[in-house]
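A structural walkthrough
So you can see what is in the structure, the chains are spelled out below.
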Amino acid sequence: MDFLVRFWGTRGSIPTPGHATKRFGGNTSCVELLIDGVLMICDGGSGLRELGLRLTEQKGAPVEAHMFFSHMHWDHIQGFPFFVPAYSEKTRLHVYEVAKDRQHIKDMLHGQMSSDYFPVRFSDLGAQILSGNLTHGTACIDGVTVKSFEQHHPGRSYAYSFEKGGKKFVYATDNEIDLTLQNREASLLDPAIPRQVPDAFLEFISNADLLVADGQYTDEEYPQKSGWGHARANTVVDAAVAANVKQCAIYHHDPMHSDSVVDSIITRAQKRANARGSSTTVFGAREGMTLKL
Ligand SMILES: [Zn+2]
Ligand SMILES: [Zn+2]
């Protein structure tokens, strides 16, 4: 079985091109999964543009993709109008979010292409765009089991897990898990103590082969940014270790963090995992990085 994961956008909040972000990348959220030939895409940040270009270069069958949106903040949808395959009548896009109303996601994608914001109308896209059904939070798509989990974020966001053939991938971005900790006050006073992550989240990510998780802030930054919807990298590490995750990619890098700042965050996160005696591998998600599960 083939289970490939590729990062097309790893930055949070706003695209951050430039010399200082060259290694980890400046494009916003977008991760490609290719599971036995089935194309799945997590979020449509600016990284989606380059994925689209790659897909159009490939000869063969028309593009068919299943696109899962964590939520509708701009850094997760802004690549969609620049996704070249969406302009081809041969393309089929299944778009998913967790909502009571299946039309909601199309309305949101449509909204960012209204004429005040963008020159091309959503209705002029050639592709067949179909709202997928995740109203009950789970789905089985071409043999891949997809589950969702509601996260703590302004306006809500969802994590998704993808499982097939004994492999498990979890995408969990824009999640202020620190606000849900059972020992929150204590962990703020003494950042070294292990953070008690809610059981429901640990269960959702348990034994993942790869967890991609929002770890935007350092412990020092977090008190000024509490309530903004993002996690401390060290909290993600504690969750990954407690849930026996094999590999944990720190994701949604802060636009203010240069490559060297991200390096230092990752070094500290790795030390924290090692200090717990854990076998969990921790690394920083990098644009262009490909992993085989
Ligand atoms: Zn975001
Ligand atoms: Zn957000």
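What comes next is a walk through the structure. (Residues numbered from 1 in each chain as written. Chains lettered and ligands numbered in written order. Predicted model: local features only at pLDDT ≥ 70, side-chain atom pairs only at ≥ 80, totals over all residues. Heavy atoms only, no water.)

What about the coordination of the zinc ion (ligand 2)?
Protein coordination of the zinc ion (ligand 2) is provided by His-71 (NE2), His-73 (ND1), His-153 (NE2) and Asp-174 (OD), with donor distances spanning 2.1 to 2.5 Å. Read in sequence order, the donor residues for the zinc ion (ligand 2) give the motif H-x1-H-x79-H-x20-D. Between the zinc ion (ligand 2) and the zinc ion (ligand 1), the interatomic distance is 3.6 Å, and Asp-174 donates to each metal, bridging them. A relative accessible area of 6% means that His-71 is categorised as buried. (Donors = N, O, S within 2.8 Å, 3.2 Å for Na, K, Ca; no water. Buried < 20%, exposed > 50% of the residue type's maximum accessible area, 1.4 Å probe, protein only.)

Considerations on the coordination of the zinc ion (ligand 1)
Listed as protein donors to the zinc ion (ligand 1) are Asp-75 (OD), His-76 (NE2), Asp-174 (OD) and His-252 (NE2); their distances from the metal cover 2.1 to 2.3 Å. All donor residues of the zinc ion (ligand 1) come from one chain, and their arrangement in sequence is D-H-x97-D-x77-H. With a relative accessible area of 1%, Asp-174 lands in the buried category.

Focus: the side chain of Ser-131
Here Ser-131 shows up in strand S6 (residues 128–131). The residues contacting Ser-131, other than those within four sequence positions of it, are Val-95, Arg-102, Ile-105 and Lys-106. (Helix = DSSP H or I, 4+ residues; strand = E, 2+ residues; numbered from the N terminus. Contact = heavy atoms within 4.5 Å.)

Considering unusual backbone geometry
Trans peptide bonds make up most of the peptide bonds, and negative phi angles are found at most residues other than glycine. Residues other than glycine seldom take positive phi values, yet Asp-36 does so here, at roughly 50°. The topology assignment puts Asp-36 in the loop between strand S2 (30–35) and strand S3 (38–42). Phi at Asn-244 takes a positive value of approximately 60°, unusual for a residue other than glycine. Relative to the helices and strands, Asn-244 resides in the loop between helix H6 (233–242) and strand S12 (247–251). Owing to a relative accessible area of 47%, Asn-244 belongs among the partly exposed residues under this scheme.

Some points on the pairing of strand S4 (residues 64–68)
Counting buried residues in S4 gives four out of five residues, a clear majority hidden from the surface. Here S3 pairs with S4 via four bridges, running parallel. Within S4, the residue paired with Cys-42 across the bridge is Phe-68. Handedness of the crossover joining S3 and S4 through helix H1 (residues 47–57): right-handed. When S4 meets strand S5 (residues 92–96), the two strands line up parallel, connected through five bridges. Bridge pairing in S5 places His-66 opposite His-94. (Pairing = 2+ DSSP bridges. Right-handed = clockwise from strand over helix to strand, strands pointing away.)

Concerning the sheet that holds strand S10 (residues 167–172)
Taken in spatial order, the seven strands line up as S7-S8-S9-S10-S11-S12-S13 in an open sheet, and their pairing is mixed. Edge strands, defined here as strands with exactly one partner in the open sheet, are strand S7 (138–141) and strand S13 (281–284). Across the sheet, the mean angle separating the axes of adjacent strands is 20° when strand polarity is ignored. As paired elements, S12 and S13 share four bridges and run parallel to each other. Each residue of the ladder has a partner; that of Gln-247, found in S13, is Thr-281. Contacts between H6 and the sheet are confined to strand S11 (210–214), S12 and S13, with S12 contributing the most and set at about 160° to the helix. Against the sheet, helix H7 (residues 259–275) makes contact with S12 and S13, and its axis sits at roughly 170° relative to S13, the strand it touches most. (Axes fitted to C-alpha atoms, helices over the stretch in contact; angles between N-to-C directions.)

Quick look at the pattern of salt bridges
One pass over the structure, following the stated rule, counts 15 salt bridges. One salt bridge in this structure joins Arg-92 and Glu-64, with 3.4 Å as the shortest N-O distance. Of the two residues, Arg-92 is situated in strand S5 and Glu-64 in strand S4; the sequence distance between them amounts to 28 residues. What makes Arg-92 partly exposed here is its relative accessible area of 33%. Linking Glu-150 and Arg-156 is a salt bridge whose minimum nitrogen-to-oxygen distance equals 3.9 Å. Salt bridges here are not isolated pairs; linked through shared partners, they connect Asp-238, Arg-272 and Arg-276. (Salt bridge = Lys/Arg side-chain N within 4 Å of Asp/Glu carboxyl O.)

Concerning the packing of aromatic side chains
Geometrically, a pair of aromatic rings is defined through the distance of the ring centres and the angle of the planes. For the coordinates displayed, the defined rule picks out twelve aromatic pairs. Consider the rings of Phe-68 and Tyr-96, whose centres lie 4.4 Å apart with planes at 5°: the pair is stacked. Separated by 28 residues along the polypeptide, Phe-68 in strand S4 and Tyr-96 in strand S5 bring together distant segments of the chain. A relative accessible area of 0% means that Phe-68 is categorised as buried. Owing to a relative accessible area of 6%, Tyr-96 belongs among the buried residues under this scheme. Taking the centre distance of 6.5 Å and the plane angle of 40° together, the rings of Tyr-217 and Tyr-222 count as tilted. (Phe/Tyr/Trp six-rings, centres within 6.5 Å; stacked < 30°, edge-to-face > 60°.)

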